Amino acid sequence: LGEDEEGVSTTLQTVLDLKSKGYKVFGVETTENATSLWDTPMPHDDTGSIAYVFGNELIGVDVQVLHECDGIVCLPTYGIKNSLNVATCVGIIVWD
């Protein structure tokens, strides 16, 4: 998936490949455009082809990658912190 002519894979190339194969791709990020995971309608079809893109904890998901996603979701948090540890976030989203 997502390999360039030198065999190097990038997140953006992988997202484009997944979309070309029928996946719905959702970026997981705390941005103004994000909607709560629980308020975002997820596609329910026979393929179950959903992919999530998680960024690193310092800079998140690249803006170009977010632009190519079918949607941007977040996990709402309350209090001083505005996001969760990425491993915790993955666990919650995959479980849901």
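Scroll up for the structure.
Just so we're clear, the structure is a prediction, and the values are computed from it rather than from any experiment. (Residues numbered from 1 in each chain as written. Predicted model: local features only at pLDDT ≥ 70, side-chain atom pairs only at ≥ 80, totals over all residues. Heavy atoms only, no water.)

### As for the overall build of the protein
(1) Moving on: Summing up its helical and strand segments, the protein has three helices and four strands in all.
(2) Moving on: Going residue by residue from the N terminus, the α and β elements of the protein occur as α-β-β-β-α-β-α.
(3) Moving on: Put simply, of all contacts in the protein between residues at least 6 apart along the chain, 69% involve residues at least 24 apart.
(4) Moving on: Of the roughly 6600 Å² of accessible surface on the protein, 53% is carried by carbon and sulfur atoms. (Helix = DSSP H or I, 4+ residues; strand = E, 2+ residues; numbered from the N terminus. Contact = heavy atoms within 4.5 Å. Areas by Shrake-Rupley, 256 points an atom, 1.4 Å probe, with all protein chains shown as cover.)

### Description of the sheet that holds strand β1 (residues 24-28)
(1) Moving on: The parallel open sheet is built from four strands, whose spatial order is β2-β4-β1-β3. Edge positions in the sheet fall to β2 (35-36) and β3 (50-54), since each of these pairs with one other strand and no more.
(2) Moving on: Sheet analysis places β1 next to strand β4 (residues 71-74), joined by three bridges and oriented parallel. Bridging across to β4, G27 finds its partner in I72.
(3) Moving on: Across the face of the sheet, helix α3 (residues 86-95) comes into contact with β1 and β3 while running at roughly 165° to β3. (Pairing = 2+ DSSP bridges. Axes fitted to C-alpha atoms, helices over the stretch in contact; angles between N-to-C directions.)

### Overview of the packing of aromatic side chains
(1) Moving on: Under the criterion given, the structure shown has two aromatic pairs.
(2) Moving on: Three or more aromatic residues joined by ring pairs form one cluster here, namely F26, Y52 and F54. (Phe/Tyr/Trp six-rings, centres within 6.5 Å; stacked < 30°, edge-to-face > 60°.)

### Quick notes on the layout of surface pockets
(1) Moving on: Each pocket or cavity is described by its volume, and for the largest pocket that value is around 310 Å³.
(2) Moving on: Along the wall of the largest pocket there are 17 residues; nearest its centre are V28, E29, T30, S83 and L84.
(3) Moving on: Here the lining of the largest pocket is built from residues that sort into 10 nonpolar, five polar and two charged. (1 Å grid on protein atoms, 1.4 Å probe; cavity = no way out; pocket = protein on both sides within 12 Å on 5 of 7 lines; lining within 4 Å. Points joined across faces, edges and corners; volume = space filled by probe spheres on them. Nonpolar A, V, L, I, M, F, W, Y, C, P; charged D, E, K, R; others polar.)

### Quick word on the pairing of β1
(1) Moving on: The buried fraction of β1 is high, at four of five residues.
(2) Moving on: By the bridge criterion, five bridges tie β1 to β3 in an arrangement that is parallel. The partner of F26 across the bridge, within β3, is Y52. (Buried < 20%, exposed > 50% of the residue type's maximum accessible area, 1.4 Å probe, protein only.)

### Observations regarding the nonpolar core
Soluble globular proteins tend to bury their nonpolar side chains together.
(1) Moving on: With 12 residues, the main nonpolar core is built from V15, L18, V25, A34, A51, V53, V61, V65, L66, C69, I72 and C74.
(2) Moving on: If you list the elements that add at least two residues to this core, you get α1 (11-20), β3, α2 (63-68) and β4. (Core = buried A, V, L, I, M, F, W, Y, C linked by side-chain atoms within 4.5 Å.)

### A closer look at α1
(1) Moving on: Listed as buried for α1 are T14, V15 and L18. Projected onto a plane normal to the axis of α1, the buried residues spread over an arc of 100° and lie on a single side.
(2) Moving on: Among the structural elements, β1, β3 and α2 are those in contact with the buried residues of α1.
(3) Moving on: Positive phi appears at G22, one or two residues downstream of α1, with a value of about 95°. (Arc of directions from axis to C-beta.)

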